[in-house]
Amino acid sequence: MKKVMLSLSALSISTLLLAGSALAADPAFPKAPSGNITLEVWSWVPGLDKTVASFEKAYPNIKIKILNLGGGPATYTKLQTAIKAGAGAPDVAQVEYGFLPAFADTGGLADLSKYGAGDYEEYFVPWTWGQVSPDGKAVYAIPQDTGPFAMVYRNDILKKYGVAVPKTWDEYAKAAATVKTKSKGTVKFGNFYSTFAPWFMALAWADGGQFFKRDGDGWIQNLNNASAKKVLNYWNGMIRRGEVGTLAGFSADYWNAAGAGKLATNMEAAWGPGGYAGSLGTKSAGMWRAAPLPQWTAGGSIKSGNWGGSSNVVTTQSKNPQAATLFALWLNLSSTAITADWNNGGLFPASDAGLALPALAVTSKNPSKFFGGQNISAVYAQASRGVNVNFEWAPWFPFVNDNYTKQIDRMLKGQLTPDQALDAWQAESLAYAKQNGFTVK
Amino acid sequence: MTTTNLDQPQTVKTAQAPRPPGRPRQGFSPLQWAALSLFCIYSLLPLWWVLTTMTKSNGQLYSTFGLWFTSPSNFAENVQILFTRDNGIFLRWLLNSILYAGVSAVGSMLFAAMGGYAFSKFRFRGSGPMFNIILATIMVPSTALALPIFLLMQKIGLINTYWAVILPSLVNPFGLYLMRLFWDAGFPTDLMEAARIDGASESKIFWQLGLPLVRGGLVTVALFSFVGAWNNFFLPLVVVNRDTLFPLTLGLSVWNQTSVSSGQDPIYTVIVLGALVSILPLIIAFLSLGRYWQGGLTSGATKG
């Protein structure tokens, strides 16, 4: 008996080991440079100071110092100041995709293709590489986390009003009308985040919309592209009919409505569900589910867009760009780091193999637990693989972002049609970019 | 106290009589009462929100009425998180802020007093243009100075030290200007010359005879500098790279941003509690020093 137990446990250990090594199929990282090296890293990934211990163990001659400024404008101001000053910048810094072009234009970012980063393209979900290497040659960053789009919905509310989970935007609009009628207008089927340009752009992105494109030394800006017009007209229609709300994202009003069952669905990025679990607590816990983003045409492969996410740049001020590149690759491709970042901060990986890591599929913990134990990471992994590769940002995006809010506000007040709002967005942003010395058409 | 000053300047001016300054001569009319009460409520409402919110959990923040307490109270737990999160670094930030603001207040007060004294009591070559240049620097916004200060600190190797935050805060051109006015009004040149004739040394005249006479000015400058350094965000943001050197402003903002950026485990109510703790020293400073401050202002006003 005892013998059998022993052999059994030996067997299970060996299977575990096998499984472990299969899952931990990290790529072969570049060789570390010799000598004692200290890398300064500016990042707002929670718990990163502990995660890097594994790196320091694997590469004993490299020490990592972390500065966490929490992200947001202050973080960029500090990085921008150090880059402009030509001194004091870190070796590695976390930068969101949308801000990469602005930093690349300062000349402060190292081209990582010089340090062999190009060999690692195949390990990332294709669209993420498009974000860090728009021209396919120079590599300005290593992709870190992502926010592919999917639909979150209240299972109980959809059941209550007898509507199926919509697979197309056509079905979505019909379901919205049904829920409005049956609930006598008390339940909104969806919510349009009227102050988040990247949210709207992700919806157009899913339809192949492109807003910016580098053109030689200049730029092409196309904020009023066909996809953008299609998407905005679609949502404006539902808003006018009172089927969809326009509550501000992350606001108390929004969480109140979401927790009280006054909202049936919303389009959220992969990092969104963690916020639902954190902000709603016990309210409506277990009633939410996730499903693929509704599609414009039925039956094809799932297409999606992206909202948020970030990358790791290496600055030209780094004295050890080789080691810095190695660290950025390790941080975003090793299963140890990806697992830790998911557990500590809900970072949805850009690594293709990372999407299949067991930690993401754990349903007994949030965010999946809050979503009724559904493996929502699988939904978002499918979404990420369906994100269009061709999508660029421009250095003047901060202005574009603010101007969007202004034009949409005018649209919601009925002063502009959706087409007019997008045309005004394009015109005012174009004028701003030109005023600020960009060659753009 | 401030409102009486604003609304009734005449009363304050004539308050050299035994009547304690700051107390109005007669009662307010009902209309004034209503307006003042409304203004009072308007100013205190955000503080009231802070007091109610700091007793809630993050979940209760969204699910309960904003301007009233809720049960069960989460206050004890918030206090615990505030002082233990990230190995209790909040306390470190609090001490850092006290150090930064304290040294800045005392230092800039002394420098302003000395500089103001020089401009007030001595005529020297170029004193006029020099004073005007100092006045002009009041107009330069501190954000514009961040990059030069950063480069300077980098050059002399003080980046990422306490000095990088403290040294720039010691210079307070407005304080110097204010101190000159106080020296002009509070320390007559005749008195200085009399002291000289009596054989007092220059340093004795400044430290022992002069300074006590401009106490109101000193406290005013110290308070201004203390508040300025306490609220300073941009300078420490740029020149400090370790969270162990953060002041409260920077630390709380990082916690807040982390809650926004990651969305997981947000601690907004803890941050609100931290914000309240962070204004307590300011309230204490004003309550304990405000008397000198007001006295100084009125004496300056009547004599100047």
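This one's a predicted model, so the numbers in the text were calculated from it and none came from an experiment.

Chemist: What is the right way to read the overall build of chain B from this model?
Modeler: A count of helices and strands for chain B gives 15 helices and zero strands. When each of the 304 residues of chain B is scored for burial, the buried share is 33%. Sequence-distant contacts in chain B: of pairs separated by 6 or more residues, those separated by 24 or more amount to 75%.

Chemist: It is not clear to me how the overall build of chain A should be interpreted in this structure. Could you clarify?
Modeler: Assigned secondary structure in chain A consists of 16 helices and eleven strands. The C-alpha atoms of chain A give a radius of gyration of 23 Å, which matches the 22 Å a tight globule of 441 residues would have. Dimensions of chain A, computed from C-alpha atoms along their principal axes, come out at roughly 75 × 65 × 35 Å. Going through the 441 residues of chain A one by one, you find that 50% of them count as buried.

Chemist: What is the right way to look at the confidence of the model for chain B in this model?
Modeler: Detail in the predicted coordinates should be disregarded across regions flagged by low pLDDT. Residue and element names in this part refer to chain B. Confidence along chain B averages 86 in pLDDT terms, with 87% of residues attaining 70 or more. Below pLDDT 50 for its whole length, residues 300-304 participates in nine contacts with residues either more than four positions away or in separate chains. Here the predicted complex scores 0.85 on pTM and 0.79 on ipTM.

Chemist: Would you mind showing me how to read the domain arrangement of chain A here?
Modeler: The parts lose accessible area when they come together, and the size of an interface is often stated as this lost area. All names here are of chain A. According to the domain assignment, chain A consists of domain 1 (32-146 + 308-365) and domain 2 (148-305 + 389-435). With centres defined by C-alpha atoms, the gap from domain 1 to domain 2 works out at 29 Å. Opposite the 15 residues of domain 1 that make contact, domain 2 presents 15 residues. Sorting the residues of the side of domain 1 that touches domain 2 by element identifies α4 (100-105) and α5 (126-132) as the ones contributing at least two each. Among the elements that line the side of domain 1 that touches domain 2, the one with the most residues is α4, at four residues. For the side of domain 1 that touches domain 2, a count of residues per class yields eight nonpolar, five polar and two charged.

Chemist: Hey, could you run me through the interface of chain A and chain B in this one?
Modeler: Contact with chain A, which involves 30 residues of that partner, is made by 27 residues of chain B. Every element with two or more residues in the side of chain A that touches chain B is listed here: α3 (73-85), α10 (252-259) and α11 (272-280) of chain A.

Chemist: Could you clarify how one ought to interpret helix α12 (residues 215-231) of chain B in this entry?
Modeler: For an α-helix, the turn length of 3.6 residues means that residues three or four places apart are oriented alike. Residues and elements named next belong to chain B. The end-to-end C-alpha distance of α12 is 24 Å, a good match for the 24 Å that 17 residues give at a rise of 1.5 Å each. The element α12 is extensively covered by neighbouring structure, given that twelve of its 17 residues are classed as buried. Among the residues of α12, those classed as buried are G216, G217, L218, V219, T220, V221, A222, L223, S225, F226, A229 and W230.

Chemist: Explain the packing of helix α5 (residues 75-121) of chain B against helix α8 (residues 162-169) of chain B here, please?
Modeler: In a pair of packed helices, the angle between the axes and the distance between the axes together describe the arrangement. All names here are of chain B. Running from N to C, α5 and α8 cross one another at 35°; their axes reach a closest spacing of 9 Å. As α5 runs across α8, the sense of the crossing is right-handed. Residue-level contacts link L99, Y100, V103, S104 and S108 of α5 to Y162, V165, I166 and S169 of α8. Its residues assigned to classes, the contact of α5 with α8 shows six nonpolar, three polar and no charged.

Chemist: What's the story with the nonpolar core in this structure? I'm lost.
Modeler: Soluble globular proteins: nonpolar side chains tend toward being buried together. Core analysis: the biggest nonpolar cluster contains 189 residues, and L39, L100, F149 and F327 of chain A together with M179 and V239 of chain B have the highest contact counts within it. Broken down by element, this core gets its largest block of residues, eleven residues, from α5 of chain B. Built from parts of two domains, this core gets at least three residues from each of domain 1 (32-146 + 308-365) and domain 2 (148-305 + 389-435) of chain A. Excluding residues within four positions of it along the chain, L100 of chain A makes contact with V95, Q131, V132, Y140, A141, S311 and W393 of chain A.

Chemist: Could you clarify how one ought to interpret unusual backbone geometry in this entry?
Modeler: Phi is mostly negative for residues that are not glycine, and the peptide bonds are mostly trans. Put simply, N366 of chain A and P367 of chain A share a cis peptide bond, and its omega is 5°. One can find P367 of chain A in the loop between α13 (335-345) and α14 (376-385). Along the chain, S71 of chain B connects to P72 of chain B via a cis peptide bond; the corresponding omega equals 5°. Positionally, P72 of chain B belongs in the loop between α4 (58-63) and α5. For N160 of chain B, which is not a glycine, the phi torsion comes out positive at approximately 70°. The topology assignment puts N160 of chain B in the loop between α7 (142-155) and α8. Assessed through the 16 C-beta atoms surrounding it within 10 Å, N160 of chain B is described here as partly exposed.

Chemist: Would you explain the confidence of the model for chain A in this entry?
Modeler: Looking at chain A, pLDDT values average 92 and 94% of them are 70 or higher. This stretch, residues 1-24 of chain A, has a pLDDT under 50; its non-local contacts, to residues over four places away or in other chains, come to four contacts.

Chemist: So what exactly am I meant to see when it comes to the packing of α5 of chain B against helix α9 (residues 173-186) of chain B here?
Modeler: All names here are of chain B. Across the interface, α5 lies against α9 with an axial gap of 7 Å and an inter-helix angle of 55°. As the angle between them shows, α5 and α9 are arranged oblique. As for how α5 packs across α9, the hand of that crossing is right-handed. In this structure, α5 contributes S108, A112, A113, G115, G116, Y117, F119, S120 and K121 to the contact, and α9 contributes G175, L176, M179, R180, F182, W183 and D184.

Chemist: Explain the environment of G286 of chain A here, please?
Modeler: All names here are of chain A. Mapped onto the secondary structure, G286 falls in the loop between α11 and β10 (288-292). For G286, a count of 14 C-beta atoms within 10 Å corresponds to the partly exposed category. Once you skip the residues sitting within four places of it in the chain, G286 turns out to touch F370 and G372.

Chemist: How should I be thinking about the environment of L237 of chain B in this particular structure?
Modeler: Turning to its location among the elements, L237 of chain B is positioned in helix α13 (residues 234-239). It is 9.3 Å that separates the C-alpha atoms of L237 of chain B and P247 of chain B, two residues lying ten residues apart in sequence. The contact partners of L237 of chain B, leaving out residues within four places of it in the chain, are A74, T77 and K78 of chain A together with L250 of chain B.

Chemist: What should I look at first to understand the environment of A257 of chain A in this one?
Modeler: Residue and element names in this part refer to chain A. Considering the arrangement of structural elements, one finds A257 in helix α10. Overall, the presence of 17 C-beta atoms within 10 Å leaves A257 in the partly exposed class. In this structure, the C-alpha to C-alpha distance between A257 and K303, residues 46 residues apart in sequence, is 29 Å. Residues contacting A257, with those up to four places away along its chain left out, are L247, K262 and L263.

Chemist: Is there a simple way to explain the pairing of strand β7 (residues 218-221) of chain A in this structure?
Modeler: All names here are of chain A. Alternating positions in β7 separate cleanly, W219 and Q221 being buried on one face and G218 and I220 remaining unburied on the opposite face. For strand β6 (residues 212-215) and β7, the ladder comprises four bridges, and the chain directions are antiparallel. Counted as the bridge partner of D215 is G218 from β7. Where β6 folds back on β7, the antiparallel hairpin that results is connected by two residues, among which G216 adopts a positive phi of roughly 65°.

The rules behind each value
- Residues numbered from 1 in each chain as written.
- Chains lettered and ligands numbered in written order.
- Predicted model: local features only at pLDDT ≥ 70, side-chain atom pairs only at ≥ 80, totals over all residues.
- Helix = DSSP H or I, 4+ residues; strand = E, 2+ residues; numbered from the N terminus.
- Buried ≥ 20, exposed ≤ 12 C-beta atoms within 10 Å, placed from the backbone.
- Contact = placed C-beta atoms within 7 Å.
- Rg over C-alpha atoms; globule rule 2.2 N^0.38 Å.
- pLDDT = per-residue confidence, 0-100.
- Domains from an automatic or database assignment.
- Nonpolar A, V, L, I, M, F, W, Y, C, P; charged D, E, K, R; others polar.
- Expected span 1.5 Å × (residues − 1).
- Axes fitted to C-alpha atoms, helices over the stretch in contact; angles between N-to-C directions.
- Left-handed = near helix turned anticlockwise from the far one by under 90°.
- Core = buried A, V, L, I, M, F, W, Y, C linked by C-beta atoms within 7 Å.
- Parallel < 35°, antiparallel > 145°, perpendicular 65-115°, else oblique.
- Pairing = 2+ DSSP bridges.

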